[in-house]
Amino acid sequence: MLYDQISQNKRKTVLLFIGFFIFLVIVGAALGYFVWRSVSMGLMITLVVGIVYVGYIYSQSTDIVMQMNHAQELQGPDDAPELWHIVEDMALVANVPMPRVFIVDDPSPNAFATGNNPKNAAVAATTGILQRLNRTELEGVMAHEMTHVRNYDIRIQTLAVALTSVIALLANFGTNFMFWGGGRRDDEDNNSNNILGIIVSLLVLILAPIMGTVVQLAISRNREYLADAGAVELTRNPQGLISALQKISQSEPMQEDNVAPSSAGLYISNPLSRDKMNNLFSTHPPMEQRIAALEKL
């Protein structure tokens, strides 16, 4: 049943975040050994960079994500009356503050929510979703996004994006250091153990951005079933979201200039490709599985 899957997804998300932090520690240790031959130095650098970078992303998440996706904020209900009032209604039903509302000028139907908590949340919809979905379908989509806000999924995704960025930043510094002439100390590196440690550390730094992205995408996938179920709870109408997902899945991807790849996991559907992807690298569960779960309701 759907709610059994939701319970499993909650547990998986906790485990994934634990794994995320462990992996960040491993990357810091690899950086320290490869650059300074000091694991403790790498962990200290990782701690400082992590706190500063995550703090910045966390405090400015809404504006940063909206700028990355070229979203324009609505100044009031007159700018897009139907969207504004649907968001207002769904926020009321979900018992969360009215979020800021944005529009992304793109013909592909899609939407997302972001922010670090419900008080600072924002939702965005593409011009394509406003043109192609009827009111019932749009209510289903906005109810899905309000569930992300209510469940603090937006905070989870913000932290995942920030941690992935920190991992990529540290890994890039470490690998670039090799090309700057670092990573070699003739008086120390002749030892076979040192050479093995350097090789392992370099492999960790090279693979770190890929693994960080995989964990981020896995966290995103685990929250979608819960948001779908939450949308049904708010609207009392599974068919509205089912119909919306069917239309979205049959549409063309968004234009690459209008969406930042690092924020793809925030959207209700993968905005960059409609092709069938390997589950490991997919930002969302397969659409047919989401629809099938909703039909059971």
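Just so we're clear, the structure is a prediction, and the values are computed from it rather than from any experiment. Chains are numbered independently. Their residues run from 1 in the order of the written sequence. Local features in this predicted model are restricted to residues of pLDDT 70 or higher, and side-chain atom pairs are both shown and tallied only at a pLDDT of 80 or more, whereas totals for entire chains, interfaces and linings draw on every residue. Computation of side-chain values covers all heavy atoms of the structure but excludes hydrogens and water.

Trainee: Break down the sheet that holds strand β3 (residues 111–114) for me, with residues and values.
Mentor: Here we have four strands laid out as an open sheet, ordered β1-β2-β4-β3, and mixed in their pairing. Each edge of the open sheet carries a strand with a single partner, namely β1 (71–73) and β3. Between one strand and the next, the sheet's axes are offset by a mean angle of 25°, whatever the strand orientation. A pair of strands is labelled paired if DSSP reports no fewer than 2 bridges between them. Only DSSP runs of H or I covering at least 4 residues are called helices, and only runs of E covering at least 2 are called strands; the numbering of each starts at the N terminus. Across four bridges, the pairing between β3 and strand β4 (residues 122–126) is antiparallel. Every axis in this analysis is a line fitted to C-alpha atoms, fitted for helices over the stretch in contact. Angles between the N-to-C directions lie between 0 and 180 degrees.

Trainee: Just give me the short version of the pattern of salt bridges, but keep the residues and values in it.
Mentor: The working definition used for a salt bridge is a side-chain nitrogen of Lys or Arg within 4 Å of a carboxyl oxygen of Asp or Glu. Under the defined criterion, the tally for this structure stands at 10 salt bridges. Put simply, Glu73 and Arg100 hold a salt bridge, and the shortest N to O gap is 3.1 Å. Here the residue Glu73 occupies a position in strand β1, and Arg100 occupies one in strand β2 (residues 100–104), the gap between them amounting to 27 residues. Given a relative accessible area of 32%, Glu73 falls into the partly exposed group. Taking the relative accessible area as the measure of exposure, Arg100 reaches 31% and is therefore partly exposed. The network of salt bridges with common partners includes Asp63, Glu73 and Arg100. Categorising residues by exposure relies on relative accessible area from a 1.4 Å probe, with only protein chains included: less than 20% of the type maximum marks a residue as buried, more than 50% marks it as exposed, and the intermediate range marks it as partly exposed.

Trainee: Describe a nonpolar patch on the surface, with residues and values.
Mentor: A cluster of nonpolar side chains, namely Val14, Leu15, Ile18, Ile22 and Ile26, defines an oily patch on the protein surface of about 470 Å² accessible area. By the secondary structure assignment, Leu15 is in helix α1 (residues 2–36). Judged by its relative accessible area of 58%, Leu15 is exposed. By definition, no residue in a patch forms a salt bridge, and every one has over 30% relative accessible area; like charges are joined within 9 Å, nonpolar side chains (Val, Leu, Ile, Met, Phe, Trp, Tyr) within 5 Å. Residue-level accessible areas treat just the shown protein chains as cover; the underlying method is Shrake-Rupley with a 1.4 Å probe.

Trainee: Give me the pairing of β4: which residues, what numbers.
Mentor: In terms of burial, β4 is largely enclosed, as five of its five residues are buried. Burial along β4 is two-sided: the residues Ala122, Ala124 and Thr126 and Val123 and Ala125 are all buried. Both β2 and β4 contribute to a ladder of five bridges, which runs parallel. Among the inter-strand pairings, Ile103 is bridged to a residue of β4, identified as Ala125.

Trainee: How would you summarise unusual backbone geometry if you had to cite specific residues and measurements?
Mentor: One non-glycine residue, Arg37, lies in the positive phi region at around 55°. Within the secondary structure, Arg37 is located in the loop between α1 and α2 (39–59). Since its relative accessible area comes to 16%, Arg37 is described here as buried. Its identity is not glycine, yet Tyr152 carries a phi of approximately 60°, on the positive side. You can see Tyr152 is positioned in the loop between α6 (135–150) and α7 (153–179). When its relative accessible area of 36% is taken as the criterion, Tyr152 is described as partly exposed.

Treat this as a map of the structure, not an account of what it does.
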